[in-house]
Amino acid sequence: MKLCDSAFEAVSAIGSGEFIWSHSMAATPVLLLDALAEHAVSHTDITLMQLHLEHADKVTAPEMEEHLRHRCFFAGKETRKLINEGRADYVPMFLSEIPKLFRKGEQRVDTALIQVSPPDRHGNCSLGISVEATKAACDVAGKIVAHINPLMPRTHGDSFVNVRDIHSAFQLSEPLINVSSKSSSNIENQIGAHVASLVEDGACLQMGIGAIPDAALRCLGDHQNLGVHTEMFSDGVLPLLESGVINNANKKIAKGRSVTGFAMGSDELYAHVHDNPEVTFLDIEFVNNPTVIAKNAQVTSINSALQIDLSGQVCADSIGHQIYSGVGGQVDFVLGATYSLHGKSIIALPSTAQKGALSRLVTTLAAGAGVVTTRAQVDYVVTEFGVAQLRGRSLGQRAKDLIAIAHPDFQEALAREARDTLKLKLT
């Protein structure tokens, strides 16, 4: 490993035409990306691949356009505009499949940019709070460039990269990216309570980040023997871990341990996962593999949507033609929950958008909207107005139950369209 004096020196070996993978989420190597932006202006045709980057304003700046193009498996704040203007590429793909893309050689990885903990006495650095697809990228990359950050937690699992495999690195203490929890609205609390009503004692949970999952978790304090096997880990689970509600006692996969692919949250969360063998960060190809997920009983997946039609089709990555986020791991866990003994999958969303002006439950999806989860896979849909169970229901039954949990301002129009346009009998 070449130890450099600066991030700019560390990225200096990157050349034109390279495909680069960036460590993502809260582990985004911001200083390396800033250095890459400076370095790339003297190069062309560099492709930067990523899941979701934080603080990526310099590599998405207009002056990068002739030098660096983004290839996004998930759209974030900075890349969303680029994608929808045709200045970046979006790749719709199940999260569990991205590591396979690398390992099979279907996607070249010339350089991996990562942020890691200092090496231990054996030379092993930790990818810390974000293993996701970055471990797979490191396994196949032609070279690895690292920001060694003494503030990066040392986590257990598939997170280790040895210094002998790192081409160049620089060391600097830099505060980790914090994603603070926002207070929940009344609507989000109502949705959370409905979601929590579907969670049984002994369930193995998958949930994302945000107000609705956190609101649901706050309602689970009286539950027992819950487990966690999830693509991401956030602050909402901390009170349940501390109280013993989450003890992972009933799990078959990593019994007694919470399994995740990455963590995003507060310094308290990062302190909790540091050197904690009860939290295991694993390769997302394993974490999100539906056959692995299904080995745990009572898997309960909690995911979100942007729009759902009256047949149960779930759009979760776009608003019409406009890409908003990504396919992610929703289908991975919907399938895993379906195959799990007594498992259930939940899609939770507010009933309206644009401050109540639009219904998120619609007769037909907006033109160009992408179906992430098909109507044949949906189990429960939850809004602030209740729960609709779709599994095994006819189109007419689905429409009736979904209309019942739509905002009252839109129920009459939805019922009329279901009868007149879709020719459904709402029984």
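As the structure is a prediction and not an experimental result, all values here were calculated from the model. (Residues numbered from 1 in each chain as written. Predicted model: local features only at pLDDT ≥ 70, side-chain atom pairs only at ≥ 80, totals over all residues. Heavy atoms only, no water.)

**Q** Can you help me understand the pattern of salt bridges in this one?
**A** One side chain can pair with another of opposite charge once the charged atoms of both are near each other. A full pass over the atoms with the stated rule returns 15 salt bridges. One salt bridge in this structure joins arginine 103 and glutamate 285, with 2.8 Å as the shortest N-O distance. Taken together, the residues arginine 103 in helix H4 (residues 98–103) and glutamate 285 in helix H10 (residues 284–287) connect sequence positions 182 residues apart. In this structure, arginine 393 engages aspartate 401 in a salt bridge whose closest nitrogen and oxygen atoms are separated by 3.0 Å. The network of salt bridges with common partners includes Arg103, Lys135, Asp139, Asp283 and Glu285. (Salt bridge = Lys/Arg side-chain N within 4 Å of Asp/Glu carboxyl O. Helix = DSSP H or I, 4+ residues; strand = E, 2+ residues; numbered from the N terminus.)

**Q** Before we go on, may I ask you to explain helix H13 (residues 395–404) in this structure?
**A** Along H13, the residues classified as buried are Gly396, Arg398, Ala399, Leu402 and Ile403. The buried residues of H13 occupy one face: seen down the axis, they fall within an arc of 160°. If you follow the buried residues of H13, they end up packed against strand S19 (307–309), strand S26 (361–362), strand S27 (380–383), strand S28 (386–389) and helix H14 (408–420). (Buried < 20%, exposed > 50% of the residue type's maximum accessible area, 1.4 Å probe, protein only. Arc of directions from axis to C-beta. Contact = heavy atoms within 4.5 Å.)

**Q** What should I look at first to understand the environment of threonine 291 in this one?
**A** Mapped onto the elements, threonine 291 comes out in helix H11 (residues 290–293). Since its relative accessible area comes to 52%, threonine 291 is described here as exposed. Spatially, the C-alpha atoms of threonine 291 and leucine 241 are 26 Å apart, while their sequence positions differ by 50 residues. Within polar-contact distance, the side chain of threonine 291 engages the side chain of asparagine 289 at 2.7 Å. (Polar contact = N/O pair within 3.5 Å; in protein donor to acceptor, adjacent residues only side chain to side chain.)

**Q** Is there a simple way to explain the UniProt feature "domain: Acetyl-CoA hydrolase/transferase N-terminal" (unreviewed entry) in the chain in this structure?
**A** Sites flagged by UniProt as "domain: Acetyl-CoA hydrolase/transferase N-terminal" (unreviewed entry) map to residues 7–163. Here residues 7–163 runs as 23% helix and 23% strand, with 17 Å between its end C-alpha atoms. (UniProt positions renumbered as here; feature names shortened; annotations may be inferred.)

**Q** How should the side chain of glutamine 307 be read in this particular structure?
**A** Tracing the chain through its elements places glutamine 307 in strand S19. From its side chain, glutamine 307 meets the backbone nitrogen of alanine 366 in a polar contact 3.0 Å long. Residues within four places of glutamine 307 in sequence aside, it is in contact with Gln313, Val314, Cys315, Arg360, Val362, Leu365, Ala366 and Ala369.

**Q** I'm lost on the pairing of strand S23 (residues 344–348) in this one. Help?
**A** Of all five residues in S23, five are buried; the element is thus mostly enclosed. Of the two faces of S23, the one holding Lys344, Ile346 and Ala348 and the one holding Ser345 and Ile347 are both buried throughout.

**Q** Hey, could you run me through the sheet that holds strand S12 (residues 204–207) in this one?
**A** Strand pairing in a sheet relies on backbone hydrogen bonds, with the paired strands running either antiparallel or parallel. Taken together, six strands build an open sheet; the order of strands is S13-S12-S18-S23-S27-S28 and the sheet is mixed. Each of the sheet's edge strands pairs with one partner strand only, and the pair in question is strand S13 (227–228) and S28. Across two bridges, S12 lies against S13 in parallel orientation. In the sheet register, cysteine 204 faces S13, and the bridge partner there is glycine 227. Packed on one face of the sheet, helix H12 (residues 330–339) meets S12, strand S18 (299–304) and S23 and runs near 150° to S18. (Pairing = 2+ DSSP bridges. Axes fitted to C-alpha atoms, helices over the stretch in contact; angles between N-to-C directions.)

**Q** What exactly am I supposed to notice about the state of the cysteines here?
**A** Disulfides are covalent bonds that connect the sulfur atoms of two cysteines. A complete count under the given rule lists zero disulfides for this structure. Cysteine cysteine 125 shares no disulfide, and the gap to the nearest cysteine sulfur, in cysteine 138, comes to 10 Å. (Disulfide = S-S within 2.5 Å.)

**Q** I would appreciate a short explanation of the packing of aromatic side chains in the present structure.
**A** Here a ring pair, both rings aromatic, is described through the centre-centre distance and the interplanar angle of the planes. Under the criterion given, the structure shown has two aromatic pairs. Taking the centre distance of 6.1 Å and the plane angle of 55° together, the rings of tryptophan 21 and phenylalanine 73 count as tilted. Highlighted residues: tryptophan 21 in strand S2 (residues 19–22) and phenylalanine 73 in the loop between strand S4 (68–72) and helix H3 (77–84), separated in sequence by 52 residues. Assessed through its relative accessible area of 1%, phenylalanine 73 is described here as buried. (Phe/Tyr/Trp six-rings, centres within 6.5 Å; stacked < 30°, edge-to-face > 60°.)

**Q** I would appreciate a short explanation of unusual backbone geometry in the present structure.
**A** What you tend to see is this: most non-glycine residues have negative phi, and most peptide bonds are trans. The phi dihedral of glutamate 132 falls on the positive side, at around 25°, and the residue is not glycine. Tracing the backbone through its elements, the reader meets glutamate 132 in the loop between strand S7 (124–126) and helix H5 (134–140). A relative accessible area of 0% means that glutamate 132 is categorised as buried. A positive phi angle, near 55°, is found at asparagine 225, a position not held by glycine. Inspection of the secondary structure assignment puts asparagine 225 in the loop between helix H7 (211–218) and S13.

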